[in-house]
Amino acid sequence: MAKIIVVTSGKGGVGKTTSSASFASGLAMRGHKTVVIDFDVGLRNLDLIMGCERRVVYDLINVINKEATLNQALIKDKHCDNLFVLPASQTRDKDALTEEGVERVLNELSAMDFEYIICDSPAGIEHGAVMALTFADEAIIVTNPEVSSVRDSDRILGIIQAKSRRALNGGEPVKEHLLITRYVPKRVEAGEMLSYADVQEILRIPLIGIIPESESVLHASNSGNPAIHIEGSEVSEAYKDVVARFLGEDRPLRYTSYEKPGLLQRIFGGK
Amino acid sequence: MSLLSFLFNKETKSASAAKERLQIIIARERNGRAGPDFLPALHQELIGVISKYVKVNPEDIKISLNSQGNLEVLDVNVVLPEDL
């Protein structure tokens, strides 16, 4: 059975697609056969972030409507042989995402021996977002240390606890993970930004990682490579830690404290 | 002046204000979410039942759900008209 993980946040622009792309790539780099599905019907972007936008022929809605098979629609990632992308439709209405259709596609993927199915949720709490989380076994809640993002994350947690299959069937609840992105330790220490401990205290779910604010995320999206592939960058290392923790390894938090640059560093520059 | 304000920085940090505001609003929103959703329907039916026997103003029937310690208390308050 494949494990289904939804990456969601409620609020837009917090890093869902960036995180989905890097998390899925990280799982594949660790040897797990993984597929990442874009649920943002009408506003697809995962293909751009993964750098496969020119190879999109068929999409999720085509598969749901049986106009294409999964094998026709799945796009093999350019970095990892065991990673596939299922793009969203750019032209259809999001109502085309039927619950039965989504369930059938997920079952077929599971039958194709995928170990992990990553569902990149659209922003908001409407149909597309609900479809992305309905069949989830685990959820990664992407949150910025900022009031509106934290509140929206709490809202989406409420929806997971009310509308997911697991919640409705009354079995084991969806396992929730908090992923804090765009974190700036310097501003946290200056008292200008909520600390990760504050965010965690408010949302009360386990922390799976902290991704520091970084210029490399824009470089990554400019070039169509998931940020985890920017070797040597803090963001890449932080996403690798997230994947390792997800797989059960114990990794201490990194990039959460600010060190004042020393005098020499200030004179001669450099990082 | 900037040196003085640097030395005597008494400004409250905005992050702590953010935390406080979030704690309050999220606690309130969670309460609304956790509460039973039958209250509006119960309210309507109560109005129906009571007005079958007594002529009351719908606004004079108030219901609320409060928690006192471990107990949940459903509070129904009906104001009967004086010329009963």
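What counts, and where the lines are drawn
Residues numbered from 1 in each chain as written. Chains lettered and ligands numbered in written order. Predicted model: local features only at pLDDT ≥ 70, side-chain atom pairs only at ≥ 80, totals over all residues. Heavy atoms only, no water. Helix = DSSP H or I, 4+ residues; strand = E, 2+ residues; numbered from the N terminus. Rg over C-alpha atoms; globule rule 2.2 N^0.38 Å. Buried < 20%, exposed > 50% of the residue type's maximum accessible area, 1.4 Å probe, protein only. Contact = heavy atoms within 4.5 Å. Areas by Shrake-Rupley, 256 points an atom, 1.4 Å probe, with all protein chains shown as cover. Phe/Tyr/Trp six-rings, centres within 6.5 Å; stacked < 30°, edge-to-face > 60°. Lys NZ or Arg CZ within 6 Å of the ring centre and 35° of its normal. Core = buried A, V, L, I, M, F, W, Y, C linked by side-chain atoms within 4.5 Å. Axes fitted to C-alpha atoms, helices over the stretch in contact; angles between N-to-C directions. Parallel < 35°, antiparallel > 145°, perpendicular 65-115°, else oblique. Left-handed = near helix turned anticlockwise from the far one by under 90°. Nonpolar A, V, L, I, M, F, W, Y, C, P; charged D, E, K, R; others polar. Polar contact = N/O pair within 3.5 Å; in protein donor to acceptor, adjacent residues only side chain to side chain. Pairing = 2+ DSSP bridges.

A. Structural view of the overall build of chain A. Along its length, chain A carries 13 helices and 8 strands. Computed over its C-alpha atoms, the radius of gyration of chain A comes to 18 Å, within 12% of the 18 Å expected for a compact globule of 271 residues. C-alpha extents for chain A along the principal axes are approximately 65 × 40 × 35 Å. A total of 271 residues make up chain A; the buried ones form 54% of that total. When contacts within chain A are restricted to residue pairs at least 6 apart in sequence, those whose partners lie at least 24 apart make up 74%. As presented, chain A carries roughly 12,300 Å² of accessible surface, and 48% of it is formed by carbon and sulfur atoms.

B. Fine view of the packing of aromatic side chains. Residues and elements named next belong to chain A. Taken as a whole and assessed by the stated rule, the structure comprises 4 aromatic pairs over all chains. Centre to centre, the rings of F23 and F246 are 5.1 Å apart; their planes meet at 90 degrees, and the pair counts as edge-to-face. One end of the pair, F23, is in helix α1 (residues 16-29); the other, F246, is in helix α12 (residues 234-246), with 223 residues separating them in the sequence. Residue classification places F23 among the buried residues on the basis of a relative accessible area of 2%. One aromatic cluster is present, built from ring pairs that chain together F23, Y116 and F246. Of note, K33 hangs over the ring of F114, and the distance from its end group to the ring centre comes to 4.5 Å.

C. Structural context of the nonpolar core. Residues and elements named next belong to chain A. Grouped together as the largest cluster of nonpolar side chains are 54 residues, with contacts concentrated most on I37, F39, L86, L97, L109 and I117. The element best represented in this core is helix α7 (residues 147-163), accounting for 5 residues. Counting residues in hydrophobic clusters, the runner-up holds 34 residues, among them A24, C52, I140 and V242.

D. Summary view of the packing of helix α6 (residues 127-134) of chain A against α7(A). Residues and elements named next belong to chain A. Between α6 and α7, the least distance of the axes is 10 Å, while the angle of their chain directions is 60 degrees. Taken together, the axes of α6 and α7 are oblique relative to one another. Pair α6 / α7 crosses with right-handed handedness. Contact residues: α6 offers V130, L133 and T134, while α7 offers I156, I159, I160 and K163. Partitioning the contact of α6 with α7 into residue classes produces 5 nonpolar, 1 polar and 1 charged.

E. Molecular detail of the side chain of D241(A). Residues and elements named next belong to chain A. Take D241: it is sitting in helix α12. Assessed through its relative accessible area of 3%, D241 is described here as buried. A polar contact of 3.0 Å, which involves the side chain of D241, links it to the side chain of R251. Apart from the residues lying within four places of it in its own chain, the contact partners of D241 are R251, P252 and R254.

F. Spatial organisation of the pairing of strand β4 (residues 83-86) of chain A. Residues and elements named next belong to chain A. Residues of β4 alternate between two faces, with L83 and V85 on one and F84 and L86 on the opposite face, all of them buried. In this structure, strand β2 (residues 34-38) lies alongside β4, joined through 4 bridges in parallel fashion. Each residue of the ladder has a partner; that of T34, found in β4, is L83. Counted between consecutive antiparallel strands, the loop separating strand β3 (residues 75-76) from β4 contains 6 residues.

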